[in-house]
Amino acid sequence: MQRKLWNKDFLLLLQGNAISDIGDLLYSVAIGYWVYEKTGSSALMGVMSSISMFVTMFLSPFTGSIVDKISRRWIIVGMDVLRGLIMLVLGALAWTDALSVPMVLLAAFAASLCSVFFNPAVNTLMIDLIPHDDMVRGQSVFSASNALINLVGKAFSGVLVAFLGVPLIVVLNGASYLISAVTEMFIRVPRTVQQGERVTVRGVLTDFGKAIKSIFSNRCLKLFVPFALLLNLLGAGPISLMLPFCMEKGFTMDMYGYLLSVQVAGSLLCVLVLGIFKLKPKARFSLMCIGFIGSQTLCVLAFFTKDFLPMAVLLFLASLLNAAGNSIFTAALMLALPEENRGAILGFIDAACVGGCALSAVIYGILGDIFPLYLVFAAGSLVSLPFALYLFRHRDTREFILTH
């Protein structure tokens, strides 16, 4: 494990991830514009965006086990190279006007297969590259990088797509993956406990069973993991249904965009602060409690607010506090993972969380057809409060945060 946060390997992983994130953001806007222009179908755009979710949900429990047994450096580098080549081929087809919708969907599926190997490799590697007493800062730096790219990218992506054109944007995305792959080759990646073991179907299924057993046999994991899944179930619905919520309130599309921006800005401000300052364990625990309880309380007030400006202020503060609670809780969850099968456990958690997000959107959508969305959103936030209070009052939670 590294002794300082800003070590060479962490910086290489951070910049490689940032470069490919920029390309991904521009690509998603460009290819979405291309698909809608060609077909006029919003449903097809939804199918394209959901491919990654379904691949993650069904394959993550098994790919995590494979990652535990193979060199993570070559998984990270190899998956970036493959995604880069896929995008370059897609860009060349778009340039020659030979691109079709089935090709775009096939490319989305292939890229998702790469991501489902890439993500657990990066997540488990971060645990090895970030000093354990600096895990909150390290995770916050990664989150701040993603939030900043997301905030700035969304502001300029439309202009860049209009100026550069879809084919060039897709080619640039492919180039960003290849650049990331080159820099990632120089990361020193520690061996995992299972590295070198033979990968078999039986072994992967066995690891999946062990991952579930590990969660329920570890006193911290069996407390943290269900709470993480519950957060996704109760919190993802309002995010995915913010547009109809704004329409229900009588807000314009501009106001909807501003609300999304202030929420991203709140999260970004929080993770930037956490990335700069190193908190003591007692302060981390207090901030996590205040973050979760405060954010849900502010969300309830925001959902009942009729005027735009007070709602924007409340959602900004709620996002800031929610990011604080989530950053500290996620760092604790990562540290609680046993070293021998981190990938398999993370794969199971990723799959369950993605499934929770999808189920949340469905449940909130159904309830939103029956009741006003502000009541449904507020009820979800209020339901989450007793579970949060139980987590914070549990002696295992307090002990773990204070000792890690």
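What counts, and at which threshold
Residues numbered from 1 in each chain as written. Predicted model: local features only at pLDDT ≥ 70, side-chain atom pairs only at ≥ 80, totals over all residues. Heavy atoms only, no water. Helix = DSSP H or I, 4+ residues; strand = E, 2+ residues; numbered from the N terminus. Buried < 20%, exposed > 50% of the residue type's maximum accessible area, 1.4 Å probe, protein only. Areas by Shrake-Rupley, 256 points an atom, 1.4 Å probe, with all protein chains shown as cover. Lys, Arg positive; Asp, Glu negative; His and termini not counted. Charge placed at Lys NZ, Arg CZ, Asp CG, Glu CD. Phe/Tyr/Trp six-rings, centres within 6.5 Å; stacked < 30°, edge-to-face > 60°. Lys NZ or Arg CZ within 6 Å of the ring centre and 35° of its normal. Core = buried A, V, L, I, M, F, W, Y, C linked by side-chain atoms within 4.5 Å. Contact = heavy atoms within 4.5 Å. Axes fitted to C-alpha atoms, helices over the stretch in contact; angles between N-to-C directions. Parallel < 35°, antiparallel > 145°, perpendicular 65-115°, else oblique. Left-handed = near helix turned anticlockwise from the far one by under 90°. Nonpolar A, V, L, I, M, F, W, Y, C, P; charged D, E, K, R; others polar. Polar contact = N/O pair within 3.5 Å; in protein donor to acceptor, adjacent residues only side chain to side chain.

**Side note on the overall build of the protein**
- Each helix and strand in the protein was counted, giving 15 helices and zero strands.
- With the C-alpha coordinates of the protein rotated into their principal frame, the extents come out at 60 × 55 × 40 Å.
- Counting the 404 residues in the protein, one finds 50% classified as buried.
- Summed over all atoms, the accessible surface of the protein reaches about 18,700 Å², with 70% contributed by carbon and sulfur.
- With 28 positive and 22 negative side-chain charges, the protein shows a spacing of 10 Å between the two charge centroids.

**Quick word on the environment of Arg393**
- Its place among the elements puts Arg393 in helix α14 (residues 373–393).
- Take Arg393: its relative accessible area is 76%, and that puts it in the exposed class.

**Overview of the packing of aromatic side chains**
- A full pass over the atoms with the stated rule returns 12 aromatic pairs.
- Consider the rings of Phe224 and Phe400, whose centres lie 5.6 Å apart with planes at 80°: the pair is edge-to-face. One end of the pair, Phe224, is in helix α8 (residues 221–240); the other, Phe400, is in helix α15 (residues 395–403), with 176 residues separating them in the sequence.
- The class of Phe224 is buried, set by a relative accessible area of 1%.
- Note on Phe400: relative accessible area 7%, which makes it buried.
- The rings of Phe224, Phe227, Phe292, Phe329, Phe392 and Phe400 are connected pair by pair, giving a single aromatic cluster.
- The side chain of Arg83 reaches across the aromatic face of Phe118, ending 4.4 Å from its centre.

**A word on the nonpolar core**
- Core analysis: the biggest nonpolar cluster contains 65 residues, and Leu13, Leu221, Phe224, Met288, Phe329, Leu337 and Ile349 have the highest contact counts within it.
- A total of 10 residues in this core trace back to one element, the largest contributor, which is helix α12 (residues 308–336).
- If we skip the residues at most four places from it in the chain, Leu337 touches Ile127, Leu221, Arg342, Ile345, Leu346 and Ile349.
- Formed by 25 residues, the second largest nonpolar core is a distinct cluster that contains Phe245, Cys299, Phe377 and Ala378.

**Quick word on the packing of helix α13 (residues 342–370) against α14**
- It is the contact of α13 with α14, at a shortest axis distance of 8 Å, that shows an interaxial angle of 135°. In terms of orientation, α13 lies oblique with respect to α14. The two elements α13 and α14 cross, and the hand of that crossing is right-handed. Judged by residue contacts, Tyr364, Leu367 and Gly368 of α13 engage Leu373, Val376, Phe377 and Gly380 from α14.
- Its residues assigned to classes, the contact of α13 with α14 comprises five nonpolar, two polar and no charged.

**With respect to the side chain of Asp128**
- Residue position: Asp128 is located in helix α4 (residues 101–129).
- Looking at Asp128, its side chain comes within polar contact range of the side chain of Arg72, at 2.8 Å.

**Some details on the packing of helix α9 (residues 242–249) against α14**
- At a minimum axis separation of 9 Å, α9 and α14 run at an interaxial angle of 130°. Our classification of the angle between α9 and α14 gives oblique. Residues Pro244, Phe245, Glu248 and Lys249 of α9 pack against Leu373, Tyr374 and Phe377 of α14.
- Partitioned by chemical class, the residues of the contact of α9 with α14 number five nonpolar, no polar and two charged.

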